[in-house]
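Observations on the three-dimensional arrangement
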Amino acid sequence: MSDTPLRRNPSRKECEDVIRRILITEVLEHGSNRHFKTAADFMKYFESLYPAGDSLTKQVQRAVKAIGMPKDSKGYFVINKTEAQLQQDRELSFLLQKTKAAAVSLEGCETVFLKTEPCYKDYLLQLIEESATFADKYVTILNTSRGLLFYTQNARQLQILLESLKDPSDL
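In this report, we go over the structure that sits alongside the text. Just so it is clear, the structure is predicted and the values come from calculations on it, not from any experiment.

The next thing to look at is the overall build of the protein. When you go through the protein residue by residue, the secondary structure sums to 6 helices and 3 strands. In terms of overall size, the protein is more extended than a compact globule, its C-alpha atoms giving a radius of gyration of 29 Å where 171 residues would be expected to give roughly 16 Å. Looking at the protein as a whole, 28% of its 171 residues qualify as buried. The contacts of the protein with a sequence gap of at least 6 include a subset with a gap of at least 24, amounting to 55%. With the model as given, the accessible surface of the protein reaches about 12300 Å², and the carbon-plus-sulfur share is 53%.

What follows is the structure, given as structure tokens:
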């Protein structure tokens, strides 16, 4: 008799857990999954622990199917996202590229608050956004309950411009 215990095949649930761990490790080590596209890609790992055979292959295939992971554009499994989330991410990616979006830090910005009558602030915001005079004077403007909040690289310059426009004799 052999001292080696007989190893049985893992349950589908055990396979699912192992597959998730493999993919999470892959993402943590490499930033994304670049090795696993099909159930067959997991077989090397499972065959190192369990007796190889059709039943093991089918169990791993069932586990992959039960997890229901979507695939990225290159066909690799995406862990921890549903197909709907992946589709939403694709749409976001498309729109960010199309609009030439860029993340801009507001860390170096100063704020200037322009207090104004609430009934006119929406129109004032529109005029400032369309103004060539203001084009390079602010990073962004927020419409607030009592006026407009500017984020700018040069608060003093923006304040001088706003004050100069309030005095109609300068125009």
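Moving on, there is more to tell.
With that settled, consider the packing of aromatic side chains. Inspection of the entire model under this criterion finds 5 aromatic pairs. Here the aromatic rings of Phe36 and Phe42 are separated by 4.6 Å at their centres, their planes lie at 10°, and the arrangement is stacked. In this structure, Phe36 and Phe42 share a single accessibility class: buried. Among the aromatic side chains, those forming a connected cluster through ring pairs are Phe36, Phe42 and Phe77. In this structure, Lys37 is placed above the aromatic ring of Tyr76, and the distance from its NZ or CZ to the ring centre is 4.7 Å. In this structure, Lys71 packs its charged tip against the face of Phe77, placed 5.0 Å from the ring centre.

In this structure the tally under the stated criterion is 10 salt bridges. One salt bridge connects Lys137 with Asp136, and the closest N-O pair in it is separated by 2.9 Å. Lys166 is the partner of Glu163 in a salt bridge, and the nearest nitrogen-oxygen pair spans 3.7 Å. With Glu163 and Lys166 both in helix H6 (residues 155-166), this residue pair falls 3 residues apart, about one helical turn. For Lys166, a relative accessible area of 57% puts it in the exposed group. It is possible to trace a salt-bridge network through shared partners that takes in Arg12, Lys13, Glu16, Asp17 and Arg20.

Here we come to helix H1 (residues 12-30). In this model, H1 (19 residues) spans 27 Å end to end at C-alpha, consistent with the 27 Å of a helix rising 1.5 Å per residue. For H1, the full list of buried residues reads Cys15, Glu16, Val18, Ile19, Ile22, Leu23 and Glu26. Next to the buried residues of H1 lie helix H2 (43-49) and helix H3 (54-67).

The subject of this paragraph is the sheet that holds strand S3 (residues 147-152). Two strands in a sheet stick together by hydrogen bonds in their backbones, pointing the same way (parallel) or opposite ways (antiparallel). Spatial strand order, S1-S3-S2: 3 strands in an open sheet with antiparallel pairing. Bordering the open sheet on either side are strand S1 (110-115) and strand S2 (140-144), each of which pairs with just one other strand. For this sheet, the mean inter-axis angle between neighbouring strands, taken without regard to orientation, is 20°. Contacting S1, S2 and S3, helix H5 (residues 121-130) runs over the sheet at an angle of about 170° to S2. Packed on one face of the sheet, H6 meets S1 and S3 and runs near 20° to S1.

This part is about the environment of Ile128. With respect to the helices and strands, Ile128 occurs in helix H5. Residues Ile128 and Tyr151 lie 23 residues apart in sequence; the distance between their C-alpha atoms is 13 Å. Beyond its immediate chain neighbours, meaning those up to four positions away, Ile128 contacts Phe134, Tyr138, Ile141, Leu148 and Phe150.

With respect to the element layout, Gln59 can be found in helix H3. Judged by its relative accessible area of 15%, Gln59 falls in the buried class. Filtering out sequence-adjacent residues up to four positions away, Gln59 remains in contact with Pro10, Ser11, Arg12 and Cys15.

Rules used in this analysis
Residues numbered from 1 in each chain as written. Predicted model: local features only at pLDDT ≥ 70, side-chain atom pairs only at ≥ 80, totals over all residues. Heavy atoms only, no water. Helix = DSSP H or I, 4+ residues; strand = E, 2+ residues; numbered from the N terminus. Rg over C-alpha atoms; globule rule 2.2 N^0.38 Å. Buried < 20%, exposed > 50% of the residue type's maximum accessible area, 1.4 Å probe, protein only. Contact = heavy atoms within 4.5 Å. Areas by Shrake-Rupley, 256 points an atom, 1.4 Å probe, with all protein chains shown as cover. Phe/Tyr/Trp six-rings, centres within 6.5 Å; stacked < 30°, edge-to-face > 60°. Lys NZ or Arg CZ within 6 Å of the ring centre and 35° of its normal. Salt bridge = Lys/Arg side-chain N within 4 Å of Asp/Glu carboxyl O. Expected span 1.5 Å × (residues − 1). Pairing = 2+ DSSP bridges. Axes fitted to C-alpha atoms, helices over the stretch in contact; angles between N-to-C directions.

Such coordinate-based values are descriptive only and should not be taken to indicate function.
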